[in-house]
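So the chains spell out like this:
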2 protein chains.
Amino acid sequence: MRKTVLFAASVLAAGLLAAPVLSQQTSSLPDLEKAFDSHISPPEMGGWMKKMAAEPNHVGSAHDRLNAEDTLAQFKAWGWDAHIETFKVLYPTPIKVSLDLTTPKKFAATLTERPIPGDATSSRTKDELPAYVAFQGDGDVTAPIVYVNYGMPDDYKALERMGIDVKGKIVIARYGQGWRGLKPKLAQDHGAVGCIIYSDPRDDGFSQDDVYPKGAARPPQGFQRGSVADMPLYPGDPLTPGVGATDGATRLLREDAPTILKIPVLPISYGDAEKFLGAMGGNVVPPNWRGSIPITYHVGGTDAAKAHMVVKSEWSLKTIYNVVAKMEGSLYPDQWVLRGNHHDGWVFGASDPISGHIAMMAEAKSIGELAKTGWKPKRTLVYLSWDAEEPMLLGSTEWAETHADELKQKALIYINTDGNGRGFLGVEGNHALQSFVNKVAVDVTDPQTGVSVDKRSRAGAMVAAALGGANERTKAIGKAAADGKDIPLDPLGSGSDYSSFLQHLGIAALNVGYGGEGDSGGVYHSAYDTYEHHSTFVDPGFAYAGTLAKTTGRMVLRMSEQDTPVERYGDFADTVSTYLDEVKALAGAKREAQTAQAKLIETGAYKLSDDPKQTSGPPTPLKVVPFFNFAPLENSVVRLKASAAAYDKTLAAKAPTLSADAKARLVALAGKTEQAMTTEPGLPGGRGWYRNMVYAPGRFTGYGAKTLPGVREAIEDERWDDAETYVGLTAKAINAYADMLDKGVVLMGGTS
Amino acid sequence: MRKTVLFAASVLAAGLLAAPVLSQQTSSLPDLEKAFDSHISPPEMGGWMKKMAAEPNHVGSAHDRLNAEDTLAQFKAWGWDAHIETFKVLYPTPIKVSLDLTTPKKFAATLTERPIPGDATSSRTKDELPAYVAFQGDGDVTAPIVYVNYGMPDDYKALERMGIDVKGKIVIARYGQGWRGLKPKLAQDHGAVGCIIYSDPRDDGFSQDDVYPKGAARPPQGFQRGSVADMPLYPGDPLTPGVGATDGATRLLREDAPTILKIPVLPISYGDAEKFLGAMGGNVVPPNWRGSIPITYHVGGTDAAKAHMVVKSEWSLKTIYNVVAKMEGSLYPDQWVLRGNHHDGWVFGASDPISGHIAMMAEAKSIGELAKTGWKPKRTLVYLSWDAEEPMLLGSTEWAETHADELKQKALIYINTDGNGRGFLGVEGNHALQSFVNKVAVDVTDPQTGVSVDKRSRAGAMVAAALGGANERTKAIGKAAADGKDIPLDPLGSGSDYSSFLQHLGIAALNVGYGGEGDSGGVYHSAYDTYEHHSTFVDPGFAYAGTLAKTTGRMVLRMSEQDTPVERYGDFADTVSTYLDEVKALAGAKREAQTAQAKLIETGAYKLSDDPKQTSGPPTPLKVVPFFNFAPLENSVVRLKASAAAYDKTLAAKAPTLSADAKARLVALAGKTEQAMTTEPGLPGGRGWYRNMVYAPGRFTGYGAKTLPGVREAIEDERWDDAETYVGLTAKAINAYADMLDKGVVLMGGTS
C-alpha cells in the first residue's frame, strides 16, 4: 500500500454497544446503522489481526494463500456468496541479493531484519523476503556511488550544477518526497547502473521518535521493501496491460514489458547506509540534502567509494488469490456497491494491510448478522479481499480489467481501505461525494474524544490553519471547517486498489482511513510491521479499527440504501474550477520563472554570485513558455457549473415527487456519470491506461495525485503540444460529464 | 563579537597593485584612493594576524595587553598620535567550572578543547579559558535536566503546553535562533537553577560541513564561549552603567548590578551534550526541536536524568587597554571620523576579531604613508583598537561614556569592523548612509570575480530572490538590485562596538564585513579560531582582508574629505515609513491571532484536536489587543518625508553655490542630525541606556535589531500603555530629526 500517516500510542477505550436485535421491519437508516454498529467488536478484530499477521504474507507465500482461504470461509459463514478468483501474474522472487562496499574498505550490507526482543512475530523469519523491491532488473554491477538526495528531478538539476554525472554509477537515494519507484526510474534514465534506496533517520528513524521496540520508529536495521514497477505507465501484471491475467490472456514478453526496470535496486537500512554514505568523498551536500546519520553528507561520485551490487530474481508466473463475496440486492441487484482491502503484505503486514482488512471483515460479519434477521440490502454488495496489491495492485487491476464491461454497467462506487491508524478521519475521492462523506463523518463517534469524527476533523483543521506556516490550502480547509462548510476531499492519485476503478474505468472511488497521531510509518514494509507493534503503538485496543468499520460500513449501507443520488455535483464543478485556476497559474508561474532565469543568466548573475568552490556554472536554461489557448477548458468548466447547479437544484426540488423507477434510474445514471471523465486515448507518453482526465497519479510524483493531468503535466514537463491537445480532450470529458448531468435533469422532468 | 556569516574555502588571488608614489598635490578622491589602495598588502596583513593570534587573547591575558601595546607602537610608527586609555571594569575569571551527569549514570563533561593535529596554535593551551561564559552567577546545583530547544520565548510556550515546568531544574538549550545571553536569562526568569548551552551539530557541527581540521565546521569537542551579561539592559561594565569605568567612578555593588545573571551557566560541546541529552526521559520533542545528535531527543524534566554543575569565578576589577590613535584634520579638526575594531578574543581570536583588526591596521598604515607624502585628512581621524569587546563591549562602551559630551559635539560617524570572511559585502547602519555605502561598493573590486563588490552583491541578491522560498524582503532587495537601485542597509542591533555610539549617543554608525561563502562559524568563540583555520578555510591569502581595508578605508576617507554631506535623507524617511507600516501590521496580526485563538479555545478545537498522548491542554489565552493611536507617529513620518525631500532637493540644487563655511557647517549639522533620534528616558523596563527611538537591539532577540523599538516591542510584549507612550516619544524624536533637516535647508538658503 501507499504510505499514509499512521500512528502510535494508546487510546481511550471505545464505547462499545451491547448488540441489540434488529427488527426485520427496520427501515430507517439510523436504526439500521445502530444495529450494524452493535456487531462491531474491536477485541474480535484484534484476534483476526493476530491470526492473519502471524506469518509472512507476501505474494506466493503459503500464509497469504491461507489468509485468502480463511477469509473465504468466514465470508461464507457470515452468509455471503463468496469464491476465490485467481490470476496468473508475473511476479519476481529474489534468488540472490547482495550489496558490498568495496572501496575504501570492505563492508557487506546486512540486508536482513533481525528479530526484536519482545516481538514474537518478528522472530518468525522463515520464508521472509530479504531486502528487495519488486520489478527491478537483474544485475551484477560494481561502480562508484553517488548520493542523489531523494532522487527526484530537482535533485538531478542540483547535481548537474555541481558538475556530477551519475552515468555508469550506482546512486544512493533516501526514501521520501516522491514515490519509491521514481528513484530508480530517474536514476536509470540518467544512465545509472544501479540504485540503492535507504531510510534516512531524519525522515524515518530515531530522529522522529524512539525506535522500536521502545517507540514506534524504524530501528537501525529496518528497511522498506516495495514495488518499483513503473506504475505511472500502468499498474497490475506487467505482461497484461489493459486485460485480465487469465490463463488464456495474450502476454508480453518480459523483456518487452515497459513497467519492469532494467537496473538492479536494493532497499537498505540506515544502519547499513551509514557505512556507504560515510565512505563517500566529493562535495559536501547542500543544506536540504542533509539527513540525520551522524556524518557530514558528501555527494560522492568519485572513485573514493565504490559498491558492488547483485540482484537476481526468479521470474515465473505466480497464482494470486482474490476473494470475491457478494450479497445480492433485493431491489436493484444490478447496481453494485464495491468494497475492498488487500490481504497480501510485504512481510507480516499487521498495519499494512491487515488493520484495514479487519475493518472490512467486521463490516461483512455485521451485514451478515443483519441479513440473518431478514434485512436485505437494496443494492448488491461486493466485498473484495485482494491479493498482490503490494507488488503494484495486481489483484485488483487484473480483476477490474477482466470484468471491465460488467463493472462499467453496474458499479456505483468502489470504497477502499488499506492500513489504518489512530487520530483523524482522512478521505480521498471523487469531489461529487464530498457532501456524502461529510454526512457520514457527522454520524461516527471518535473513540478518544467522544465527539463525532467530523467535529474532531474540524477541530484539527482549524488548529492546523492557525499554525504559523500554514499554506493556503490548509488555511482554506480551516476556514471551511470553522464556517461549518464541508471539509473537502483530497483527490485520488495511486498507491492502493482504487486505481483501476477510478483511473481506468471511471468508477467513483473513496479511500478511507484514520491517522495523524503517533506513527506506524516506522515499520512500513518492514518485518516489524507486526501485531505487537500495531497493538502497542498504532491502535491500542483496536478502537480505530472499530471506528473505521463504522465509517466505511455506513458508506456501504448508504450507497446501498440510497433513495435518490447522494452526489452533489456543484462540489465537483467548484473544485474542477479551482483546478483550472491552478493550471493557468502554473503556466504563468513557469513563464515568470523562465523570464527571471533568462535575465539572471544574461546578466551573469549566477556566475557572479556563485561560490567558486561550490558549483560549476549557471543552471540549464529553462524553456520559453508559450501562451496557451485555455478557452475550450474554460468554456467547459462554465458549462459544467451551470449543469451541476441545475442538477442539484432540480433534485432538491423534485426528489419528493419522483417515481421509484425514476429514482432508481437516477441513481444508476449517477453511478455512470463519473465515467464521463475517461476518454481515449488516455494520457500521453505510454500512459494510455490512465483514461481519467480529472484524476491521475503523477508521472513524477508517483502516488501523489495530479488533477487535470493531461494539461497540468504537459505544462510541468514542457510538452507544449500535449498541453494544447489535452486542453481539448479534457474539455471534451468535462462536457461529456455535463451531458450526463443534463440527462439527469431531463430524467427528473426539469429542463437542462 | 556577534556571530555573523563568515565563511570557508580558498579564493582567487587578489590582484594587488604595486605601490605608486602619491603626489603631494593630489586632491582628487580617485587618485587618493588609488594611492591608498597601493599600500594595502594582504601578505603583510596575514603576518599581523599570525602574530596577534599566536596566544590566548582574552581580557586579562598577557597577550591581549601585548597586542594593545604592539598596536600602539605600530600606530605611532605609522605617524599617528596614539595612546592607550585604560578602564577598570568588573570582569569575572573562572576559578572552578564542572558539569556532571549524576543520574542515570556518571559522566563528567570534558569542558576542554584538545589540540587539533596540524593546528600548532591550538596546542598553546596555557592560560586558555575553559568552557565558560562571562557574567553568569556563581552556583553549585544538582537538579533534573530539561531540554528547552533554543530556549526562546516560544519554546517556553511549547513546554507549558506539554505540562513541563523548569522551576528548580537545569535547562539545556542549543545555540541559535536568539542571542546566547537570552537563554539563561529566560531560564532564570522561569525559575531554572542552572543553564547549559551546547552547539548542536545540526546548526553548528558535522551536519553543516566536514569538521575541523578536514573542514571548517565545529568538531565534537568544540564549544562556544561568550558573554551572558544582560546586554538588552545596557552593555559595558555592569557596575558603571552610563558612566566611564574610570578610577574615580561611582560603582554599583556587584549584587545590585542588574546585568549579571544569578544562575550558573556553562557552554558545552556536542560531544559532551550527547551524553546528557541521550540520558533524558519524558516526551519525545516536537519536530522543530530536533537536532542532529544521533539520538531521539526527549524533553526530560523527570528524575531520570540529573546533572550537577558548579561555577565559581573571581570577581575583581580588571584593567582593560584601548588604543586610541588620532590624525588631526587639516581643515576641520573638530569634526571626527571614528573607526574601530576590538583586539581581545575569547581564545586566539584569529577570525574574531583579528581578521577585522588587520584591515583597520592596514588602513592606518596606508593613511600614515599618505600623510608622509604631505597629504593630510581634512577632518580628524580617530582609530580605535578596543579591549574587552567580548565580555560585552566594555572597552568601547566605557570610552564612549567617558567622552560622551565631546563625541556628541565632534563625531560624524563611527565605522566598525569585527570578524571578516569571504564572499559578499555586508553593511548595516543608518539608512541615511545607504547611498554613501552603495557608492563605495561600486569602487571596490571583488577579488574572486574581478567585478565590483557592488555588482557581486547585486548578483547575489538577484539569485537569492529567485530561489524558491525567498521571503518578501529578499524579493524586494533582489528587485532593487535588478533595477539598479541602492541595496538597502540592514539596521544595526548590537553585538559589536558600534552600540554605544549609535544607541546611546545617537552617532551614525556602520558595521562592515564580507561573508556568505564557506564558514568560520564552526570555530566561533572556540580554541580553534586560529590563524591556521582562518587562512585555510575563511580567507585564504587574506584577499578579503585587503578588500575590507579598501572598503572601510574609502568610507573613512570619503567621510573625511566630504565637501557637502554624503547623507541622503529621503532613504531614511522612506525606510522609517516602512518600519511604521510593519509596526501597524504587527498590531493587526496580533489582534487577528488573538481573535483566532479565542475562537479555537471557545469551540474546544485545541482540546479536540490534541493528541491525548502529546499535550496537556490548550495554550494560554493571548491578551486582547486594543486599537492604538498611531496618529502622532504617522504625522511625524509624513513630516519627515517632506523635510527629507526638501533637504535632498535643496542640497542638490544649492551645493555648487555654497560657501566653504556653509558646507562645513552643513557637514557638522549632518553629523548631529542622527542624534535627534535619541530621547530621554530611553527605552522602558530598565533599558534607559538605549536612547535611540529608531534602532535598538531587541529585548528578546539580543543582537538582532528592532526598529522603532519603543513602539514595536511594546506591542510584541503586550505592554499596551508603553505602546501609546512610545508612539509619542518616537514621534517626538522623528520630529526633532525633521527639525534638524529643516535647519539644514535654512542653512543652505532654502525654505523649510
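Here is what the cut-offs are and how they apply
- Residues numbered from 1 in each chain as written.
- Chains lettered and ligands numbered in written order.
- Predicted model: local features only at pLDDT ≥ 70, side-chain atom pairs only at ≥ 80, totals over all residues.
- Helix = DSSP H or I, 4+ residues; strand = E, 2+ residues; numbered from the N terminus.
- Buried ≥ 20, exposed ≤ 12 C-beta atoms within 10 Å, placed from the backbone.
- Contact = placed C-beta atoms within 7 Å.
- Nonpolar A, V, L, I, M, F, W, Y, C, P; charged D, E, K, R; others polar.
- Axes fitted to C-alpha atoms, helices over the stretch in contact; angles between N-to-C directions.
- Parallel < 35°, antiparallel > 145°, perpendicular 65-115°, else oblique.
- Left-handed = near helix turned anticlockwise from the far one by under 90°.
- Pairing = 2+ DSSP bridges.
- Least-squares fit on C-alpha atoms with pLDDT ≥ 70 in both.
- Domains from an automatic or database assignment.
- Core = buried A, V, L, I, M, F, W, Y, C linked by C-beta atoms within 7 Å.
- pLDDT = per-residue confidence, 0-100.

Okay, the overall build of chain A next. Counting secondary structure elements, chain A contains 22 helices and 18 strands. Across its three principal axes, chain A shows a C-alpha extent of roughly 80 × 60 × 55 Å. Within chain A, buried positions represent 59% of all 752 residues. Sequence separation of at least 24 residues holds for 80% of the intrachain contacts in chain A that already meet a minimum separation of 6.

Here we come to the interface of chain A and chain B. Each partner contributes to the interface: chain A provides 36 residues, whereas chain B provides 36 residues. Elements represented by at least two residues in the side of chain A that touches chain B include exactly helix H12 (453-466), helix H17 (569-602) and helix H18 (605-609) of chain A. When residues in the side of chain A that touches chain B are grouped by element, the largest group, 7 residues, is from H12 of chain A. Here the residues of the side of chain A that touches chain B sort into 17 nonpolar, 11 polar and 8 charged.

Here we take up the packing of H12 of chain A against helix H13 (residues 472-482) of chain A. Residues and elements named next belong to chain A. Put simply, H12 and H13 touch, their axes get as near as 8 Å, and they point 135° apart. By the angle class used here, H12 and H13 are oblique. Classified by chirality, the crossing of H13 by H12 is left-handed. In this structure, H12 contributes Arg458, Ala461, Met462, Ala464, Ala465 and Ala466 to the contact, and H13 contributes Thr474, Lys475, Ile477, Gly478, Lys479, Ala481 and Ala482. A per-class count over the contact of H12 with H13 returns 8 nonpolar, 2 polar and 3 charged.

Residues and elements named next belong to chain A. Read from one edge of the open sheet, 7 strands run E3-E2-E10-E5-E6-E7-E9, paired in mixed fashion. Looking at the sheet topology across the chains shown, the edges are occupied by strand E3 (107-108) and strand E9 (265-268). Strand direction decides the pairing type here: strand E2 (residues 93-103) and E3, joined by 2 bridges, are antiparallel. Across the sheet, residue aspartate 100 finds its bridge partner in E3, namely alanine 108. Across the face of the sheet, helix H5 (residues 182-189) comes into contact with strand E6 (170-174), strand E7 (194-198) and E9 while running at roughly 150° to E7.

Relating the two copies of this chain is a rotation about some axis coupled with a shift parallel to it. Between the two copies, chain A and chain B, the superposition gives an RMSD of 0.0 Å; the rotation angle is 180° and the shift along the axis is 0.0 Å. The operation mapping one copy onto its partner corresponds to a two-fold rotation axis.

Residue and element names in this part refer to chain A. Here chain A is partitioned into domain 1 (29-90 + 320-430 + 489-561), domain 2 (93-314) and domain 3 (569-747). Between the C-alpha centres of domain 2 and domain 3 there is a distance of 33 Å. Taken residue by residue, the interface counts 17 residues in domain 2 and 14 residues in domain 3. No other element matches helix H4 (residues 153-162), which puts 5 residues into the side of domain 2 that touches domain 3. Classifying every residue of the side of domain 2 that touches domain 3 by side-chain character gives 10 nonpolar, 4 polar and 3 charged.

Let us now look at the nonpolar core. Judged by nonpolar contacts, the single largest core of 425 residues is most densely connected at Ile413 of chain A together with Ile413 of chain B. When sequence neighbours within four positions are dropped, the list of residues in contact with isoleucine 413 of chain B reads Val337, Leu338, Ile507, Ala508, Ala509, Leu510 and Met559 of chain B.

Residue and element names in this part refer to chain B. One can describe the packing of helix H10 (residues 434-442) onto helix H11 (residues 453-466) by two numbers: an axis separation of 6 Å at closest approach and a directional angle of 110°. Taken together, the axes of H10 and H11 lie roughly perpendicular to each other. On H11, the residues touching Asn438, Ala441 and Val442 of H10 are Val453, Asp454 and Ser457. Taken together, the residues of the contact of H10 with H11 break down into 3 nonpolar, 2 polar and 1 charged.

Another point: the environment of serine 123 of chain B. Residues and elements named next belong to chain B. Mapping serine 123 onto the fold places it in the loop between strand E3 (107-108) and strand E4 (133-134). Under the C-beta neighbour-count criterion, serine 123 is labelled partly exposed, with 13 such atoms within 10 Å. Separated by 405 residues in sequence, serine 123 and tyrosine 528 have C-alpha atoms that sit 9.6 Å apart.

A separate point is the pairing of strand E11 (residues 317-327) of chain A. Residue and element names in this part refer to chain A. Of all 11 residues making up E11, 8 are buried, and the element is well covered by its neighbours. With 10 bridges joining them, strand E1 (residues 81-90) and E11 adopt antiparallel strand pairing. Its bridge partner lying in E11, threonine 86 is registered against tyrosine 321. As defined by bridge partners, E11 adjoins strand E13 (residues 379-386) across 5 bridges and the pair is classed as antiparallel. Note that in E13 the partner of valine 323 across the bridge is serine 385.

On to the sheet that holds E3 of chain B. Residues and elements named next belong to chain B. Strand order across the open sheet formed by 7 strands is E3-E2-E10-E5-E6-E7-E9, with mixed pairing between neighbours. Lying at the two open borders of the sheet, with one neighbouring strand each, are E3 and strand E9 (265-268). Here strand E5 (residues 139-147) runs beside strand E6 (residues 170-174); their pairing, made up of 3 bridges, is parallel. Within E6, the residue paired with valine 146 across the bridge is valine 171. Of the strands in this sheet, E6, strand E7 (194-198) and E9 touch helix H5 (residues 182-189), which is tilted by about 150° from E7.

Before going further, it helps to spend a moment on unusual backbone geometry. Here the residue pair threonine 103 of chain A and proline 104 of chain A is connected by a cis peptide bond, since its omega of 5° sits within 30 degrees of zero. Within the element layout of this structure, proline 104 of chain A appears in the loop between E2 and E3. Proline 213 of chain A follows tyrosine 212 of chain A through a cis peptide bond whose omega is 15°. Structurally, proline 213 of chain A can be placed in the loop between helix H6 (201-204) and strand E8 (226-227). Positioned with a positive phi, phenylalanine 542 of chain A is a non-glycine residue whose angle comes to about 55°. With respect to the element layout, phenylalanine 542 of chain A can be found in the loop between helix H15 (531-538) and helix H16 (543-561). Classification of phenylalanine 542 of chain A as buried rests on a count of 30 C-beta atoms within 10 Å. Backbone geometry at aspartate 127 of chain B places phi at a positive 70°, although glycine is not the residue there. Take aspartate 127 of chain B: it is sitting in the loop between E3 and E4.

Residue and element names in this part refer to chain A. Confidence along chain A averages 94 in pLDDT terms, with 96% of residues attaining 70 or more. Here residues 4-22 scores under 50 on pLDDT; set against residues more than four positions off or in separate chains, the count is 67 contacts. Predicted as a complex, the structure gets a pTM of 0.94 and an ipTM equal to 0.93.

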